[in-house]
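Topology and contacts: notes
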Amino acid sequence: MYQRSLLHDGQVEPLADAVCVILEKVGVLVQNDDLLDALGRAGARVDRPSEKVTFPRKLVRDFADALSKENRKEGEEGFRKFPVTSLPTLGTQIAQFFHDYERKEKRQGNRGDFIALTKLGESLHRESGVGHSLLLTDVPALMEPLEAGLILAEYSSNPAAPFGWNVKQWDYLIEMGEILGRDDWVARGAICFAHPLRFDKDVADRFARQVKEGYGAGLTSMAVAGATAPVTVEGYVALAAAEHVATWLTARSLNPAAPLGGSMWAGTVDMRSGSVSYCSFDAMFYGFATCEFLRRWTGMNIHVGGGEYCDAREPGLYAAREKAYKSLLIAAFSGQHPEIGQGMLEDGKTLSPVQFLLERDLSLGIQHLGRELDITEENLGLSTTLDIGFGLHSNYVEADHTLRHFRSSLWLPEFIDRAGWNGPDHERAMLDRIQEKVNDLLA
């Protein structure tokens, strides 16, 4: 049974009031003139010398009420059917590091490793496209997406758009796409605040153009409790919600027709080591609580970030199962099952080809949860059941019906041993087999 509610009805209003206090007393830092002009016209208080914007309580309340009316659907109970998760692909991961299992080393992203990943994606899933999966640290920063685009165009028959992290890169990427015969060839990516409450110039410039051109407007929140947000869940929810509402209000001030969205990637700090986790139990709770509050107050149904970000540092079954558990946890609290991963480690910093293939293997198993029954005479197999009876003289293993259907009915992983984990040596042998598969695909 899904636990669909973490908040009591009486807790929504105090949190909403806290959001209003934050936006009225602290506001947001906005380093873009177009956004400042639009917010001023919408009724926000704009202090241009400090680039600070504060929001009168009534403006926030009226906006939240309007969003609620816009998004509320009577009788809506969320998703019922378990959605079929797609297989992991090499898309717009933008990992900073590459994990080389064969050499047992982690290194900064570079052209050579990105070419290998592009070839790997082309071998495995060319029909769905191959994307900007790795950061090229051996290329000047402003030129990096353009170089990534050249590599994608050369090594993939279906190159996805490179990520333009700076608005100055967009027109060049769009022109490159036109040469390739592809429209609007730029991945605009997530809009992330510099927490707390700061729209720095690069993000603000990108956001302003994106909104003016009618693309989706939403915040990908990655605030960390105890570091860039309050450590208490109540304070965290209030601040994170204030950032989302400010983002939506800013977008609608600039373009009243802008589609709104967003996501929550809540993080928490390990006070012993200082490390940050986006998949720990407390981090997930912070994300669920924020999403529920925003849904109940504004009607906006944003999602908790997927299974991709896990704490594991090395490829293997532990990392895959950690992601699968996180994904199932998201499904339990929201009814929406995300993909379990895309081969990344260390909370998205590192990309491992071996982990990528392992997670495709696991995803084939999870896809079974989204199957539907097809009641046909052949699938029921009643004649076989009647022939075998009590199984005293024959069994289903030797039945022709099993031979005809076991490949389409059962999970048959290529690498994962269904007999279960059998120690580190057994797992190491599995990872070695996956590395051989990676090498074969690249060859």
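Since this is a predicted model, take the numbers as computed values, not measurements.

On to the overall build of the protein chain. Helices and strands together make up the secondary structure of the protein chain, namely 15 helices and 14 strands. Against the 2.2 N^0.38 benchmark of 22 Å for 443 residues, the protein chain shows a C-alpha radius of gyration of 24 Å, consistent with a compact globule. Overall size of the protein chain, expressed as C-alpha extent along the three principal axes, is 85 × 50 × 50 Å. Here the protein chain, with 443 residues, has 51% of them falling under the buried criterion. Excluding contacts between residues fewer than 6 apart, the proportion of contacts in the protein chain whose partners are at least 24 apart in sequence is 70%. Counting every atom, the protein chain has about 21700 Å² of accessible surface; 54% of that belongs to carbon and sulfur.

Before going further, it helps to examine the pairing of strand β5 (residues 105-108). Note that strand β4 (residues 97-100) and β5 share 4 bridges and pair antiparallel. Across the sheet, residue Asp-100 finds its bridge partner in β5, namely Glu-105. The hairpin turn running from β4 into β5, its antiparallel successor, is 4 residues long, and Lys-104 in that turn takes a positive phi close to 55°.

As a further point, take the pairing of strand β9 (residues 260-264). Pairing analysis gives 5 bridges linking strand β7 (residues 217-221) to β9, with the strands arranged parallel. Residue Leu-219 lies in a different strand from β9, and its bridge partner there is Gly-262. Relative to strand β12 (residues 303-304), β9 is paired through 2 bridges, and the arrangement is parallel. Following the sheet pairing, Ser-263 is matched in β12 by His-303.

Okay, the sheet that holds β4 next. As summarised here, the arrangement of the 4 strands in space is β5-β4-β14-β13, forming an open sheet in which the pairing is mixed. Because the sheet does not close on itself, it has two edges, and the strands there are β5 and β13 (344-345).

Right, let's get into the state of the cysteines. Scanning the entire structure with this criterion turns up 0 disulfides. You can see Cys-192 has no disulfide; the closest cysteine sulfur is in Cys-291, sitting 15 Å from it. On the basis of relative accessible area, Cys-192 is assigned to the partly exposed category, the value being 26%. No disulfide involves Cys-279; its nearest neighbouring cysteine sulfur is the one of Cys-310, lying 5.9 Å away.

Attention now goes to helix α4 (residues 111-125). Here α4 contains 15 residues, and its C-alpha end-to-end distance of 21 Å stays within 8% of the 21 Å for a straight helix at 1.5 Å per residue. Turning to α4, its buried residues are Asp-113, Phe-114, Ile-115, Leu-117, Thr-118, Leu-120, Gly-121, Glu-122 and His-125. Where α4 is buried, its residues touch β4, β5, α5 (144-155), β14 (350-351), α11 (353-366) and α15 (424-442). Between a side-chain oxygen at the N-terminus of α4 and the backbone nitrogen of Gly-112 the separation is 3.1 Å; the capping residue is Asn-110.

Cut-offs and rules
- Residues numbered from 1 in each chain as written.
- Predicted model: local features only at pLDDT ≥ 70, side-chain atom pairs only at ≥ 80, totals over all residues.
- Heavy atoms only, no water.
- Helix = DSSP H or I, 4+ residues; strand = E, 2+ residues; numbered from the N terminus.
- Rg over C-alpha atoms; globule rule 2.2 N^0.38 Å.
- Buried < 20%, exposed > 50% of the residue type's maximum accessible area, 1.4 Å probe, protein only.
- Contact = heavy atoms within 4.5 Å.
- Areas by Shrake-Rupley, 256 points an atom, 1.4 Å probe, with all protein chains shown as cover.
- Pairing = 2+ DSSP bridges.
- Disulfide = S-S within 2.5 Å.
- Expected span 1.5 Å × (residues − 1).
- Polar contact = N/O pair within 3.5 Å; in protein donor to acceptor, adjacent residues only side chain to side chain.

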